[in-house]
Amino acid sequence: IMGHADGLVTINLAEADPAERVKRREDLGEAFRTLQGHFRHELAHFLQMRLVQTPEFADGFRALIGDEREDYGAALERHYAEGPPADWQSRFVSEYASCHAHEDWAESTAHLLHLTDIADSFEAAGLCSPDLPPGYDAYAETDAAALIERACALGLALNHVNRAMGQPDLYPFVLPEPAREKLAFVHRWLRAPAPVP
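Let me sum up the structure you'll find in this document. (Residues numbered from 1 in each chain as written. Predicted model: local features only at pLDDT ≥ 70, side-chain atom pairs only at ≥ 80, totals over all residues. Heavy atoms only, no water.)

**What about helix H6 (residues 144-164)?**
Compared with an ideal rise of 1.5 Å per residue, which puts 21 residues at 30 Å, H6 spans 30 Å between its outermost C-alpha atoms and is within 8% of the ideal. Those residues of H6 that are buried are in contact with helix H5 (101-124) and helix H7 (177-191). With a side-chain oxygen positioned 3.1 Å from the backbone nitrogen of Ala-145, the residue opening H6 is Asp-143. One or two steps after H6, the chain reaches Gly-166, where phi turns positive at roughly 75 degrees. (Helix = DSSP H or I, 4+ residues; strand = E, 2+ residues; numbered from the N terminus. Expected span 1.5 Å × (residues − 1). Contact = heavy atoms within 4.5 Å. Polar contact = N/O pair within 3.5 Å; in protein donor to acceptor, adjacent residues only side chain to side chain.)

As structure tokens, this is what we get:
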């Protein structure tokens, strides 16, 4: 079981086995599944719990992402029984993000962290690209749209490298504008000063 309970993140180490991870990814119809991705996703739930205490965050969250007070159990049950909305690819970073505002936030946050780390790791490895200025510091970037655009371009290039070696895409996602807006919202709040409890 993987999950989050009031700040306690549980990761199922069975998924450290590549065969088990692939099996679960295929069983769930996911394009991407890693322990790192799960940790980032579950950590995002904790961050949302803390940030929602700030009225400005809560109002912005509900306006852009949705009302986290919607019945979570019923939303998951509906998602697994009926599947995602037909237009999910035009609004969300992943199919799972479409099931409830909590999951949309967690998936969006995980994706922002993935993209930030792609750009940071690319720079740290001494690689260069016309999409990334020399000395680029992804973690210091204040322009969310620039970070997302640069990291997606790198992800696409690295997908081609992986395909050349017969490996799955590093970042197998296309981000529609509504999803990018959610990532920018996440970026804004992860850069904001910590809320006072």
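**Remarks on the nonpolar core**
Ranked by size, the top nonpolar core spans 33 residues in total, and within it Trp-105, Leu-115, Ala-119 and Leu-175 carry the most contacts. If you list the elements that add at least two residues to this core, you get helix H2 (35-51), helix H3 (55-64), H5, H6 and H7. Take this core: its biggest share by element is 8 residues, from H5. Once residues within four sequence positions are removed from consideration, Trp-105 is found in contact with Ala-44, Gln-48, Leu-51, Phe-57, Phe-61, Ile-65, Phe-185 and Val-186. (Core = buried A, V, L, I, M, F, W, Y, C linked by side-chain atoms within 4.5 Å. Buried < 20%, exposed > 50% of the residue type's maximum accessible area, 1.4 Å probe, protein only.)

**Details of the side chain of Ser-129**
Along the polypeptide, Ser-129 turns up in the loop between H5 and H6. Here the side chain of Ser-129 touches Asp-131 through a polar contact of 3.0 Å, landing on its backbone nitrogen. Apart from residues no more than four positions distant in its own chain, Ser-129 is found in contact with Phe-122 and Leu-154.

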